[in-house]
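So you can see what is in the structure, the chains are spelled out below.
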Amino acid sequence: MRRKEEKAEKSISLTSLSVDAQTCEFVGAKNMRRKEDKMAESMKGLRRTCRCAELTKEHIGQTVTVMGWVQKSRNKGGIIFVDLRDRTGIIQLIFEQGETAEEAFEKAAKLRAEFVVAVTGTVEHRSGAVNENLLTGSIEVRAKEIRILSESETPPFPIEEDSRTKDDIRLHYRFLDLRRPDLQRNLMMRSRIAMLTRQFLAEEGFLEIETPMLTKSTPEGARDYLVPSRVHPGSFYALPQSPQLFKQLLMCSGYDRYFQITKCFRDEDLRADRQPEFTQIDMELSFVDEDDVIDVNERLLKKLWKEVLGQELTLPFPRMTWQEAMDRFGSDKPDTRFGMELCDVTEIVRDCGFGVFTGAVSAGGSVRGINAKGQGAMPRKKIDKLVDFAKDFGAKGLAYVSIQPDGSLKSSFAKFMTEDELQALVEAMDGEPGDLLLFAADKDKVVYDVLGNLRLELARQLELLDKNTYHFLWVTEFPLLEYNEDLGRYQAMHHPFTMPMEEDLPLIDQEPGKVRARAYDIVLNGTELGGGSVRIHQNDIQEKMFECLGFTKEAAKEQFGFLLRAFEYGVPPHAGLAYGFDRLVMLMAKEDNIREVIAFPKVKDASCPLTAAPDVVDEKQLEELCIEVKKEEIEKEE
């Protein structure tokens, strides 16, 4: 049945997990059915003296109590070695027959992976070879007493770093996955970054103020997550996409400098650096301009990189306008760790004999290319794969010129151009023997998308992306508005409260697409870390902005009346910025996916494999909320 098939695609196959439905409920279900005489021991007043990897040579000779999970146990007959793990690392325990109490030795012989134990013993020099890979590799604890606090079923996958277990299994058993040392380091780093951020901003005079989670839905931006109201039947709250309006109200209220580390929600498709619920470092400042916001944030990032990664950042960071970023890199979040910049050859090919080029130019588009240095010998089959890649971003095709070692040219369009025209094109592209020149011709937006993504794909293939190198960049002067073909009107590129560049205000009625915004994004290695802007604080400019976006005065008042009322009572000039906290941690931890720095993430269909959310709810709950769910007709397939 179709419904069953669709449901199966959106859920984790229990068969693939090699467990049945009852077993899935709880890994340790069998432990709950043990006889009383085999039940785990309690703490009985025992206290942990230190964590596993906190032990050093200075503790030699001391009696300590450590607690944690058994990583592995090796029984050598008269001697048992146990690696005990907690969030700090591993310490080796040694149980020796004749020295360890007989009862403790018998308990140690029963240990298996992921048993939870408490062990008291004496710290000694390691009896065997030193393990250079462990912080505690030169010491061990000779056990005197052991208590088994909890037993464990055999885990469905090893608790180890760099797990090769499939993601769906890992996320189904996320409580086990989170025991892995690399994930624990990531979450401890996340905690440290949050604490350092709070400390820095407090010292800079910021106040941490919470804003509501249940708020009013707004029509601009991504889709809202809606929450039905029981008290107001038929009405809905929205979970905030950002605290934007409330932080502007706080500036109206005189709080001067605000911040919070807060959850935000957007009902949009997931990517490697995007989740439906995410965390922002959000801030707003009064009586400032762009330079003030940029200054405090550069110093914040400098502190984080120094304290967490031990790296010194050089300030100030480079700045680049949006137009320059698009022209040079085809992206408003350019990765500047490598070259391969776009080259505009529109004027050179305007009157050439190749119709693909001239057609794009006559239609108001452009012809641009990138030079893949040293890739002139790339096989045709590989070039064809690049062509297919380009088509995914709107290209109708991809033209290329391969410069041979002897200087001769192999080209997909050579027969349509004269030798002089080809040579002029090669010179414009700074082509040399051994280079591969790739061209896109279309509307500017398509050309930017195609070549911007193509240069990144080539960089990945050529291993040009060094995770240990950090290239920060401010991208400024974004377009204030962008035209939405589906809506048939302009919409805000950032949000409706961004201040236009003063010198561009005269263009807002006749050429709104040419108006630049006082907006700025902080970019790191091709990823947007955060974005912000100077806000509109004058009523007349805010009204004009709403007019450009197609709002009537009545509609603007209905949606944003509470903000517009506040603007009637004295508003300071203000500006702000918000970071994607998850992305920031992801890059600092050198991970490729933000799931690796979030404790309980969602998967690509916005579901949670661990809790099986979202799920159906009881009919009574729906009745209380005056909600009816329409049942889809099930079509039977023969």
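Residues numbered from 1 in each chain as written. Predicted model: local features only at pLDDT ≥ 70, side-chain atom pairs only at ≥ 80, totals over all residues. Heavy atoms only, no water.

A separate point is unusual backbone geometry. Residues Leu315 and Pro316 are joined by a peptide bond in cis, for which omega reads -5°. Along the chain, Pro316 falls in the loop between helix H8 (290-309) and strand E11 (319-321). Even without being a glycine, Glu477 presents a positive backbone phi close to 55°. Phi at Asn525 is positive, roughly 50°, even though this residue is not glycine. Along the chain, the position of Asn525 falls in the loop between strand E20 (519-524) and strand E21 (527-534). Accessibility expressed as a relative area gives 10% for Asn525, which makes it buried. (Helix = DSSP H or I, 4+ residues; strand = E, 2+ residues; numbered from the N terminus. Buried < 20%, exposed > 50% of the residue type's maximum accessible area, 1.4 Å probe, protein only.)

With that settled, consider the sheet that holds strand E6 (residues 207-208). Sheets are built from strands paired through backbone hydrogen bonds, the pairs being either parallel or antiparallel. Across the sheet, which stays open at both edges, the eight strands sit in the order E6-E9-E10-E22-E21-E20-E17-E11 with mixed pairing between neighbours. Of all strands in the sheet, those bounded by a partner on one side alone are E6 and E11. Examined bridge by bridge, E6 and strand E9 (residues 257-265) share two bridges and lie parallel to one another. Looking at the pairing, Glu208 lines up with Phe259 of E9. Its contacts with the sheet put H8 on strand E10 (277-286), E11, strand E17 (472-476), E20, E21 and strand E22 (574-580), and the angle it makes with E22 is roughly 30°. (Pairing = 2+ DSSP bridges. Contact = heavy atoms within 4.5 Å. Axes fitted to C-alpha atoms, helices over the stretch in contact; angles between N-to-C directions.)

Most of helix H7 (residues 244-252) sits out of view: seven of its nine residues are buried. Among the residues of H7, those classed as buried are Gln244, Leu245, Lys247, Gln248, Leu249, Leu250 and Met251. Its buried side turned inward, H7 meets E9, E10, helix H16 (553-566) and E22. Of the residues trailing H7, Gly254 is marked for its positive phi of about 90°.

Looking now at the environment of Cys352. Following the sequence through the fold, Cys352 ends up in the loop between helix H10 (346-349) and helix H11 (355-362). Residue classification places Cys352 among the buried positions, given a relative accessible area of 9%.

Quick look at the pairing of strand E13 (residues 366-372) now. Within E13, seven of the seven residues are buried, which leaves the element mostly enclosed by the surrounding structure. As paired strands, strand E12 (residues 343-344) and E13 are joined by two bridges and run antiparallel to one another. In the sheet register, Asp344 faces E13, and the bridge partner there is Arg368. Here E13 runs beside strand E16 (residues 436-442); their pairing, made up of seven bridges, is antiparallel.

Quick look at the sheet that holds E13 now. Taking strand neighbours across the sheet as the criterion, the five strands line up as E12-E13-E16-E14-E15 in an open arrangement whose pairing is antiparallel. Sheet topology places E12 and strand E15 (409-411) at the edges, where each strand pairs with a single neighbour. Of the pairings in the sheet, the one linking strand E14 (residues 399-403) to E16 comprises four bridges and is antiparallel in character. Following the sheet pairing, Tyr400 is matched in E16 by Leu438. Along the sheet, H11 contacts E13, E14 and E16; its crossing angle with E16, the most-contacted strand, is approximately 45°. Of the strands in this sheet, E13 and E16 are in contact with helix H14 (residues 444-461), which crosses E13 at around 5°.

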